[in-house]
Amino acid sequence: MTATEVPRAGEADGFAVLPVPRQRQDASVPALTLLVIGDDPAGTFTAPELLDGAGTRVRIRRARNLTEAERLLTDDVHCVLLVLDGDGLESLRRLLRLAPSTAVLVLTGDGAGEVGEPGEAVRIGAQDHLSRDELDGSHLTRAIRYAVERKRADLAQRQLTETRLLAQENSRLERGLLPTPLLDGADLRFAARYRPGRSRALLGGDFYDTVRTSDGTVHAMIGDVCGHGPDAAALGVELRIAWRALTFAGLSGDLLLSTLQKVLENERADDEIFATLCTLDIAPDGGRADLYLAGHPAPLLTGADGVPRLLPYEAGGPALGLLPQAAWSRIEVELGTSWSLMLYTDGLIEGRIGQGTQRLGQDGMIGMITRQLAGGLRGEDLLDAAVTEARELNGGELTDDVAVVLLDRVAPARILGLPAQIQRSSG
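Just so you know, these numbers come straight off a predicted model, no measurement behind them.

S.K.: Where do I start with a negative patch on the surface in this structure?
M.R.: On the surface, a cluster of negative charge is contributed by E265, D270, D271 and E272. One can find D271 in the loop between α6 (253-267) and β10 (275-282).

Written out as structure tokens, the structure is:
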């Protein structure tokens, strides 16, 4: 026997010779590590390393049983060769629990009888099943390579599947957290557009809602939590749900905002987080409204003359979460008989114009909406055009969250002259 051969097993034992090819072992070739678990009475795996003609180097570790193997199952073990003992497939199940990310080969005697039904070991989770008469050097190293690659492919596919399922679950959850306006009985038309700044997200830190209470008042709200990411989105959802519950409970104005501030203070991750908010309480007759601003941009009102203008901002108060004893003043707004109110977050107006540092701003937004109204755009078409043009002026996707809400009220005598899509109520 030469020094380059593994000791030959006796013919009665049915073992084959494991030759190591006579060639210099190139240390630059990536090596695989094989952990052999179980008895090896014929000394089949006494050599510290295998090398086949393809240049694959396989380092060999030995463990007498699963208890000893647990200590040797480190991250650099690529494959395990389990010699089945009297426990049958139970030892395989235990190994798969110990090493869920490692490729596993199962070794039995001649044929598959010791494993029960053919393929049972593979069905349970092993990558392949070998018999002792298949243990020549090239066959074994090839089986190890294939097992490792199959395991990598299985793990990659499992990770891809889990990622897709998680994305679908998050998508369903985020869609469920977006509000459904409750405007039954109101002679208003509602439209909204929402675009989070986070890539591949459906929900950002902006939030909005619109409801009609039993007295006929329509309450509308839009807000913006500072910051980005899932924490800001979660806080925005909490504030929106709190606003809806408090509104149906009869709170409004300064008392509502003070209560929302308490919610924010108790739910935010740190004391630096704040939220801007704009609330509107539109009277049942639709001709007037009470406006409250908490650090938020003033809405855009388009009256019967078709000219957009910003509502007063001077009496606005601080954002929620900035001052512990803040107060917010009511701003009385005359709406008239026919009007359109656009509530928006600063993501719409803070996009750049071209390559410079100039922002769209409120003046740019007014000019943009004026042109689009003159072009006959209304409702959802108007919001689509506004968000699209702001994005194009920015030279690409807007980095901040964008939320826009549009409420329209048209006098009955004027409804017949409007496009059908504008007459349709979203309530």
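Structure shown, so let's carry the discussion forward.
S.K.: Sorry, what's going on with the packing of helix α7 (residues 361-374) against helix α8 (residues 379-394) here?
M.R.: For any two helices packed against each other, one specifies the inter-axial angle together with the distance between the axes. It is the contact of α7 with α8, at a shortest axis distance of 10 Å, that shows an interaxial angle of 135 degrees. The angle between α7 and α8 places the two elements in the oblique class. Relative to α8, the crossing made by α7 is right-handed. Within the contact between the two elements, α7 uses M368, I369, R371, Q372 and L373 and α8 uses L382, A385, A386, E389 and A390. Classifying every residue of the contact of α7 with α8 gives seven nonpolar, one polar and two charged.

S.K.: Mind showing me how you'd approach the packing of helix α5 (residues 230-248) against α6 here?
M.R.: At a closest axis distance of 10 Å, the pairing of α5 and α6 adopts a crossing angle of 145 degrees. As α5 runs across α6, the sense of the crossing is right-handed. Where α5 approaches α6, its residues L235, E238, L239, A242, W243, L246 and T247 are matched on the opposing element by L256, T259, L260, V263, L264 and E267. For the contact of α5 with α6, the per-class residue count stands at nine nonpolar, two polar and two charged.

S.K.: Could you clarify how one ought to interpret the pattern of salt bridges in this entry?
M.R.: A side chain with one charge may pair with a side chain of the opposite charge, provided their charged atoms come close. Under the definition given, this model contains 17 salt bridges. When the shortest N-O distance is used, the salt bridge between D187 and R409 registers 3.2 Å. With a gap of 222 residues between them, D187 in the loop between α4 (137-177) and β7 (189-195) and R409 in strand β16 (residues 402-409) connect regions that are remote in the sequence. The shortest N-O distance in the salt bridge between E389 and R371 comes to 2.5 Å. One end of the pair, E389, is in helix α8; the other, R371, is in helix α7, with 18 residues separating them in the sequence.

S.K.: Would you mind going over the nonpolar core with me for this structure?
M.R.: Membership of the largest hydrophobic core comes to 31 residues, with the highest contact counts inside it found for Y208, I282, L291, L335, W339, L341 and L343. Among the elements of the structure, β7, β9 (218-225), α5, β10, β11 (288-294), β14 (331-334), β15 (339-344) and β16 are those that each provide at least two residues to this core. In contact with L335, other than residues within four places in its own chain, are I282, G286, G287, R288, A289, L301 and L341. In terms of nonpolar packing, the next biggest core, distinct from the first, is built from 22 residues, L239, L256, L264 and A326 among them.

S.K.: Which parts of the structure should I look at to understand the environment of H296?
M.R.: With respect to the secondary-structure elements, H296 resides in the loop between β11 and β12 (300-302). Sequence spacing of H296 and A319 is 23 residues, and the spatial spacing of their C-alpha atoms is 7.2 Å. For H296, the side chain forms a polar contact with the main-chain oxygen of Y344, separated by 2.7 Å.

About the cut-offs
Residues numbered from 1 in each chain as written. Predicted model: local features only at pLDDT ≥ 70, side-chain atom pairs only at ≥ 80, totals over all residues. Heavy atoms only, no water. Patch = residues over 30% accessible without salt bridge, like charges linked within 9 Å, V, L, I, M, F, W, Y side chains within 5 Å. Areas by Shrake-Rupley, 256 points an atom, 1.4 Å probe, with all protein chains shown as cover. Salt bridge = Lys/Arg side-chain N within 4 Å of Asp/Glu carboxyl O. Lys, Arg positive; Asp, Glu negative; His and termini not counted. Charge placed at Lys NZ, Arg CZ, Asp CG, Glu CD. Helix = DSSP H or I, 4+ residues; strand = E, 2+ residues; numbered from the N terminus. Axes fitted to C-alpha atoms, helices over the stretch in contact; angles between N-to-C directions. Parallel < 35°, antiparallel > 145°, perpendicular 65-115°, else oblique. Left-handed = near helix turned anticlockwise from the far one by under 90°. Contact = heavy atoms within 4.5 Å. Nonpolar A, V, L, I, M, F, W, Y, C, P; charged D, E, K, R; others polar. Core = buried A, V, L, I, M, F, W, Y, C linked by side-chain atoms within 4.5 Å. Buried < 20%, exposed > 50% of the residue type's maximum accessible area, 1.4 Å probe, protein only. Polar contact = N/O pair within 3.5 Å; in protein donor to acceptor, adjacent residues only side chain to side chain.

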